[in-house]
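Structural overview for review
Take a look at the letters that make up each chain.
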There are 2 protein chains.
Amino acid sequence: MKKVPVVENLLKLNDEVAALNRERFRSAHVLVLDLIGATGCGKTALLEATLRELAGQLRMGVLVGDLTTTRDAERLARWCDQVVQINTGRGCHLEAHQVRQALDRIDLERLEVLVIENVGNLICPVGFDLGHDHQVGMFSVPEGEDKPAKHPHLVQSASALILNKMDLLPHLAFDREAFRRDCLRLHPDLPILEVSATTGRLAPWLAWLQDRVTRFRQRAQAAGGLQTE
Amino acid sequence: MKKVPVVENLLKLNDEVAALNRERFRSAHVLVLDLIGATGCGKTALLEATLRELAGQLRMGVLVGDLTTTRDAERLARWCDQVVQINTGRGCHLEAHQVRQALDRIDLERLEVLVIENVGNLICPVGFDLGHDHQVGMFSVPEGEDKPAKHPHLVQSASALILNKMDLLPHLAFDREAFRRDCLRLHPDLPILEVSATTGRLAPWLAWLQDRVTRFRQRAQAAGGLQTE
């Protein structure tokens, strides 16, 4: 039986389109994050709170992936005019070509940061390069402390890991130390950002984001690609 | 360009193996459920509580799908000796051939009900027949009331929908009516079973399960395939 290496070809094609996206992001001097977390972990709530908090300080845009409905984009559009919804139908993750098409509907030149909110799924999105600078993983307290051990690929590839819904800690048996231990065993020095999007406890995430933006601008300036305003 | 219908072929092959599984389940008179829910919605906790509650009343077995780790199987094995873990590596859902292989490690003849706890993922598992009698969908309160609308395929294909973590309702802004409305719009008459696995509030789920077992046995008896003990 002849094996058809279809999956490898699809990933290779995806990587090629991701490289084109990356070029486009670089030339527009936009830092791009791929935000990956399960359904209901609070990705949209975090981005709403972030857009509200950083309004006037950081020019952000969001691409939102979802099977169906435009609810998330509508929620975000109240805080930001650079929001594009990508509906994947039955597709369980975003691919680079979907991001590429969505870029036609966003004004990259006006942005400093673009967050791609991936489809709510901890597994499939991890293997697809979208052209982003950083993958950011997201878990939430009600999911339980065993999730990093169960999703090692995301923990290993993420540049930072957000732990959301810290406000629910008093109502749940969640072993915070076991969570941290599993994360750091898989990825030493991984920043673990404990937040609560609904109560506005965002400081560790905002600090990480702003630090990344600063470093990104410094690198771009050093490379001569960015004019100081 | 010639299109290679690889996905269709994979699904067709999966369906063929699922049909073999179904034959095997039927001849052993075992009712089989495919339990599908996101990471951290409480599938394993529900099954632990169910096994504990129905010990001595219903002979149950569980196949547990997970990327990695055998933690869930270990949790369940405390309550039941017919538990098999299937590790999928990077695989985001169970397929019929994985279930088929796992059946070699379980004694079907001793069971009345087999629950297949699918990989924690609301999207990919939905399209794969495993040979089960019913798909059971599972959401949890912290995920938010918008999840049925965002995951219509699961809501439409499920025979029942479990809403877990009802104990967290006082601590969250969860619109219970919107949740029900979206479910019933997509799937009129869908049983919505509100439970809390950790506090032992299981009645609607246990009643649904026992009703299904009763109907299954009646059908099998009517077909002459099951001897009354």
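In case you missed it, the structure is sitting above this.
Quick summary incoming for the structure in this document. In this text, all values refer to a predicted model and were calculated from it rather than measured experimentally. (Residues numbered from 1 in each chain as written. Chains lettered and ligands numbered in written order. Predicted model: local features only at pLDDT ≥ 70, side-chain atom pairs only at ≥ 80, totals over all residues. Heavy atoms only, no water.)

1. So, the overall build of chain A
Stated formally: Secondary structure is summarised from DSSP: a helix means a run of H or I of at least four residues, a strand means a run of E of at least two, and numbering begins at the N terminus for each. What the globule rule says is 2.2 Å times the number of residues to the power 0.38, and the radius of gyration is computed from C-alpha atoms. By the convention used here, residues are in contact when the closest approach between their heavy atoms is within 4.5 Å. Computed with the Shrake-Rupley method and a 1.4 Å probe, the accessible areas treat only the protein chains shown as cover for residues. Residues counted as positive are Lys and Arg, residues counted as negative are Asp and Glu, and His and the chain ends are not counted. Working definition for charges: the position is that of NZ of Lys, CZ of Arg, CG of Asp or CD of Glu.
Along the backbone of chain A there are eight helices and seven strands. For a compact globule of 229 residues, the expected C-alpha radius of gyration is about 17 Å, and chain A comes in at 18 Å, within 12% of that figure. In chain A, the proportion of contacts linking residues at least 24 apart, taken out of those at least 6 apart, comes to 72%. A total accessible area of about 10,100 Å² is found for chain A, and carbon and sulfur atoms account for 50% of it. Within chain A, one finds 28 positive and 30 negative side-chain charges whose respective centroids are separated by 2 Å.

2. Considering unusual backbone geometry
Residues and elements named next belong to chain A. Positive phi outside glycine occurs at Thr-69, with the angle close to 70°. The residue Thr-69 is located in the loop between β2 (60-66) and α3 (71-77) in this model. Of note, the phi angle at Lys-165 is positive, near 65°, even though the residue is not glycine. Structurally, Lys-165 can be placed in the loop between β6 (160-164) and α7 (176-186).

3. Some remarks on the environment of Lys-12 of chain A
Residues and elements named next belong to chain A. Note the threshold: Here the term buried applies to any residue with accessible area under 20% of the maximum for its type, exposed to any over 50%, and partly exposed to those in between, with areas from a 1.4 Å probe on protein chains only.
Among the secondary structure elements, Lys-12 is positioned in helix α1 (residues 6-27). Lys-12 sits in the exposed class, given a relative accessible area of 53%. Taking the C-alpha atoms as reference points, Lys-12 and Phe-128, separated by 116 residues in sequence, lie 9.9 Å from one another.

4. Some words on the relation of the copies chain B and chain A
What counts, and what does not: What sets the superposition is a least-squares fit of C-alpha atoms, and only residues with pLDDT of at least 70 in both copies go into it.
In the superposition of chain B on chain A (RMSD 0.0 Å, axial shift 0.0 Å), the rotation amounts to 180°. Interpreted geometrically, this transformation is the action of a two-fold axis. Comparing contact sets, 100% of the residues at the interface of chain B also lie at the interface in chain A, consistent with an isologous, same-surface contact.

5. Some remarks on the interface of chain B and chain A
Heads up, the rule is: As a working definition, buried area equals the accessible area (1.4 Å probe) given up by two parts on being put together, with both sides summed. The rule for a salt bridge is simple: a side-chain nitrogen of Lys or Arg has to be within 4 Å of a carboxyl oxygen of Asp or Glu.
The interface is formed by 34 residues belonging to chain B together with 34 residues belonging to chain A. Across the interface of chain B and chain A, roughly 2,800 Å² is buried in total on both sides, 62% from carbon and sulfur atoms. Counting every contact that joins chain B to chain A gives six salt bridges. A salt bridge links Asp-182 of chain A to Arg-71 of chain B, with the nearest nitrogen and oxygen atoms 3.3 Å apart.

6. Description of the environment of Gln-57 of chain A
All names here are of chain A. Relative to the elements of secondary structure, Gln-57 occurs in the loop between α2 (43-54) and β2. Residue class for Gln-57 comes out exposed when judged on its relative accessible area of 52%. Not counting chain neighbours up to four residues away, the residues in contact with Gln-57 comprise Glu-112 and Gln-210.

7. Quick look at the pairing of strand β4 (residues 113-117) of chain B
All names here are of chain B. Stated formally: Strand pairing is assigned whenever DSSP detects at least two bridges linking the two strands.
Burial runs high along β4: five of the five residues are buried. Of the two faces of β4, the one lined by Val-113, Val-115 and Glu-117 and the one lined by Leu-114 and Ile-116 are each fully buried. Where strand β1 (residues 31-37) and β4 come together, five bridges link them in parallel fashion. What sits directly across from Leu-35, in β4, is Glu-117. Relative to β4, strand β2 (residues 60-66) runs parallel, the two being bridged by five bridges. Bridge assignment links Gly-61 to a residue of β4, and that residue is Leu-114.

8. Regarding the sheet that holds strand β4 (residues 113-117) of chain A
Residues and elements named next belong to chain A. Stated precisely, the cut-off is as follows: The axes used here are C-alpha line fits, helices contributing only the stretch in contact, and every angle between their N-to-C directions lies in the interval 0 to 180 degrees.
Spatially, the seven strands line up as an open sheet ordered β3-β2-β4-β1-β5-β6-β7, and their pairing is parallel. Two strands close off the open sheet at either side, each with one partner strand: β3 (83-87) and β7 (192-194). Sheet twist, expressed as the mean angle between neighbouring strand axes with direction ignored, is 20°. Direction of pairing for strand β1 (residues 31-37) relative to strand β5 (residues 134-140): parallel, over a ladder of five bridges. Among the inter-strand pairings, Ile-36 is bridged to a residue of β5, identified as Gly-137. On top of the sheet, α2 reaches β1, β2, β4, β5 and β6; it is set at about 170° to β2, its chief contact.

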